[in-house]
Amino acid sequence: MANVLKGKKIVLGITGSIAAYKACLIIRGLIKKGAEVQVVITPAGKEFITPITLSALTSKPVISEFFAQRDGTWNSHVDLGLWADAMLIAPATASTIGKMANGVADNMLITTYLSAKAPVFVAPAMDLDMYAHPSTQQNLERLRSYGNHIIEPGTGELASHLVGKGRMEEPEAIIRHLEEYFAEKEGDLCGKTILITTGPTYEKIDPVRFIGNYSSGKMGFALADECTARGAKVILVTGPVQRQTHFTPYKRCDVESAAQMYEETLRWFDEADAAILCAAVADYTPEQVAEEKMKREKTGDLTLHLKPTQDIAAALGRLKAEQAGRKVLVGFALETNDEQANAQGKLERKNLDFIVLNSLNDKGAGFRCDTNKISIIDRNGKTDYPLKPKTEVAADIVDRLAEILKK
């Protein structure tokens, strides 16, 4: 997945909250992603976590006071504010938020904030009653009006069933906010909207039985994260899988059947600059669905009459041909025999720009695997790729997509 934080310079402000210990996890996460971190801590913050711990993690001296020594050496908040690509204050107490909102520059952290030219992210952390108090909410609203990014507390999956609002957002979610910001500003898919289908479809036989397949959705979710990491707005149409993306997509549509996936995909296609059709959509669906669970004792031998489902790729290929605007259409082909010929035929019939071929004959590729081995086929030929993690396969596919979108 594209690493948008690599080389970024982050000023991390730490204030006097019990959540200050989580700053260690934020630092580790940022550095793991290639960022450079400089800590600025308030005097109250040092009561909760020691500067030596923070310095060991960042390999930089922690800044707390204006004057570093008694010999006149001082820390320039102006230089620090200009150095940063982003400033993150986490945890941010009610006191610090109030000072930021009203320009009370009585410590190094606030003066650095007032000098910062980079985007500022604020992760509040306090008691729920303090967070809900009108004065705190007014100060947060004022910070928003100044262009600061407020990372709402207690909205993550873990926090939602623990303390709830008021609790500082989890470190991995805070880092994700920064990643999404830089991806939207700097990625090679900035300004593009990508529609992605993924997962299986379930075709009902009766209220408890269905015809389905083994698709896990892993490849499509990896593609969604790769596109988002590169600045795209992602519309994700997913069949029934228990899976979440790393980044929050612009729009997520959960569907069950091939008919529902067809409807949602066509609904959003006009908004998209490109569509990646990664879903394993059923080719057939029962002509009739029983209203009650079928009993073996009553039915005996069972014959299912199936009818073809609507072909999503073919429908989008026709729309692409009809529309004056340029759209890119990417298909997938999972084959067991005559792989290249079948994929090439699908490319032509459905008006695709390129098709991603993988084979169930390749060990470690296809359904339920964390790896995949693909070939990309277009009208100029075929490019083969070795077996890789699906996250890296997603990067290869999106590289090809980005090349076409640039033309």
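Scroll up to find the structure.
As the structure is a computational prediction, the values presented were derived from the model and not from experiment.

Enquirer: Just give me the short version of the pairing of strand 17 (residues 375-378), but keep the residues and values in it.
Expert: Each regular strand shows side chains that alternate between the opposite faces of the sheet. With burial as the criterion, each face of strand 17 is covered, one bearing Ser375 and Ile377 and the other bearing Ile376 and Asp378. Bridging between strand 17 and strand 18 (residues 381-384) involves four bridges; their strand directions are antiparallel. Following the sheet pairing, Ile377 is matched in strand 18 by Lys382. Taken together, strand 17 and the strand that follows it, strand 18, pair antiparallel across an intervening segment of two residues.

Enquirer: Kindly report on the packing of helix 1 (residues 23-32) against helix 2 (residues 51-58), identifying the contributing residues and their values.
Expert: Close contact between helix 1 and helix 2 brings their axes to 10 Å; oriented N to C, the two are set at 10°. On the basis of the axis angle, helix 1 is roughly parallel to helix 2. For the pair helix 1 and helix 2, the contacting residues are Cys24, Ile27, Arg28 and Ile31 in the first and Thr53, Leu54, Leu57 and Thr58 in the second.

Enquirer: Go over the pattern of salt bridges, please, and point to the residues and values.
Expert: Under the defined criterion, the tally for this structure stands at 23 salt bridges. Across the pair Lys46 and Glu65 runs a salt bridge, and its minimum N-O distance is 3.5 Å. Of the two residues, Lys46 is situated in the loop between strand 2 (36-41) and helix 2 and Glu65 in the loop between helix 2 and helix 3 (77-83); the sequence distance between them amounts to 19 residues. Overall, Lys46 belongs to the partly exposed group, its relative accessible area being 31%. Asp254 is the salt-bridge partner of Arg252, the closest N and O atoms lying 3.1 Å from each other. We classify Arg252 as partly exposed; its relative accessible area is 24%. Here the residues in one salt-bridge network are Asp188, Glu226, Arg230 and Asp399, joined through shared partners.

Enquirer: Explain the layout of surface pockets residue by residue, including any values.
Expert: Estimates place the volume of the largest pocket at around 970 Å³. Looking at the largest pocket, it is lined by 43 residues, and the ones nearest its centre are Ala279, Ala280, Val281, Phe332 and Lys346. Per element, the largest residue contribution to the lining of the largest pocket is five residues, and it comes from strand 14 (residues 328-335). For the lining of the largest pocket, the class distribution of residues is 18 nonpolar, 16 polar and nine charged.

Enquirer: Could you give me a rundown of a nonpolar patch on the surface, with the residues and numbers involved?
Expert: Taken together, the side chains of Tyr284, Leu302, Leu304 and Leu306 define a hydrophobic patch exposed on the protein surface, amounting to about 370 Å² of accessible area. Within the secondary structure, Leu304 is located in the loop between helix 11 (296-299) and strand 13 (306-308). On the accessibility criterion, Leu304 (36% relative accessible area) is partly exposed.

Enquirer: Could you give an account of the sheet that holds strand 9 (residues 233-238), with specific residues and numbers?
Expert: Taking strand neighbours across the sheet as the criterion, the eight strands line up as 10-9-6-11-14-15-17-18 in an open arrangement whose pairing is mixed. Bordering the open sheet on either side are strand 10 (251-254) and strand 18, each of which pairs with just one other strand. Each neighbouring strand pair of the sheet contributes to a mean axis angle of 15°, computed without reference to strand direction. Packed on one face of the sheet, helix 10 (residues 258-269) meets strand 6 (193-198), strand 9, strand 10, strand 11 (274-277) and strand 14 and runs near 175° to strand 6.

Enquirer: Could you give an account of the sheet that holds strand 2, naming the residues involved and the relevant values?
Expert: With parallel pairing, the five strands of this open sheet are ordered in space as 2-1-3-4-5. Because the sheet does not close on itself, it has two edges, and the strands there are strand 2 and strand 5 (149-150). Pairing analysis gives four bridges linking strand 3 (residues 86-92) to strand 4 (residues 120-124), with the strands arranged parallel. Each residue of the ladder has a partner; that of Leu88, found in strand 4, is Phe121.

Enquirer: Any chance you could break down the packing of aromatic side chains for me, citing the residues and the numbers?
Expert: The final tally for this structure, using the stated rule, is three aromatic pairs. Arranged with centres 5.3 Å apart and planes meeting at 80°, the rings of Tyr181 and Phe182 form a pair that is edge-to-face. Their ring planes at 15° and their centres at 3.8 Å tell us that Tyr202 and Phe210 sit as a pair that is stacked. When its relative accessible area of 22% is taken as the criterion, Tyr202 is described as partly exposed. We classify Phe210 as partly exposed; its relative accessible area is 41%.

Enquirer: Summarise unusual backbone geometry; cite the residues concerned and give the values.
Expert: Following Ala90, the chain continues to Pro91 via a peptide bond in cis, the omega torsion being 5°. As for its position among the elements, Pro91 is in strand 3. Positive phi outside glycine occurs at Ser59, with the angle close to 60°. Note that Ser59 resides in the loop between helix 2 and helix 3. Under the relative-accessibility criterion, Ser59 is labelled exposed at 65%.

Enquirer: Describe the nonpolar core, with residues and values.
Expert: Judged by nonpolar contacts, the single largest core of 33 residues is most densely connected at Leu12, Ile14, Leu30, Val39, Leu54 and Leu88. Among the secondary structure elements, those contributing two or more residues to this core are strand 1 (9-14), helix 1, strand 2, strand 3, strand 4 and helix 8 (171-186). Those residues in contact with Leu54 that lie beyond four places of it in its chain are Ile14, Cys24, Ile27, Val39, Ile41, Ile49 and Val62. Ranked by size, the runner-up nonpolar core spans 32 residues in total, among them Leu189, Leu223, Val328 and Ile397.

Thresholds, definitions, all that
- Residues numbered from 1 in each chain as written.
- Predicted model: local features only at pLDDT ≥ 70, side-chain atom pairs only at ≥ 80, totals over all residues.
- Heavy atoms only, no water.
- Buried < 20%, exposed > 50% of the residue type's maximum accessible area, 1.4 Å probe, protein only.
- Helix = DSSP H or I, 4+ residues; strand = E, 2+ residues; numbered from the N terminus.
- Pairing = 2+ DSSP bridges.
- Axes fitted to C-alpha atoms, helices over the stretch in contact; angles between N-to-C directions.
- Parallel < 35°, antiparallel > 145°, perpendicular 65-115°, else oblique.
- Contact = heavy atoms within 4.5 Å.
- Salt bridge = Lys/Arg side-chain N within 4 Å of Asp/Glu carboxyl O.
- 1 Å grid on protein atoms, 1.4 Å probe; cavity = no way out; pocket = protein on both sides within 12 Å on 5 of 7 lines; lining within 4 Å.
- Points joined across faces, edges and corners; volume = space filled by probe spheres on them.
- Nonpolar A, V, L, I, M, F, W, Y, C, P; charged D, E, K, R; others polar.
- Patch = residues over 30% accessible without salt bridge, like charges linked within 9 Å, V, L, I, M, F, W, Y side chains within 5 Å.
- Areas by Shrake-Rupley, 256 points an atom, 1.4 Å probe, with all protein chains shown as cover.
- Phe/Tyr/Trp six-rings, centres within 6.5 Å; stacked < 30°, edge-to-face > 60°.
- Core = buried A, V, L, I, M, F, W, Y, C linked by side-chain atoms within 4.5 Å.

Any functional reading would require information beyond the geometric quantities listed.
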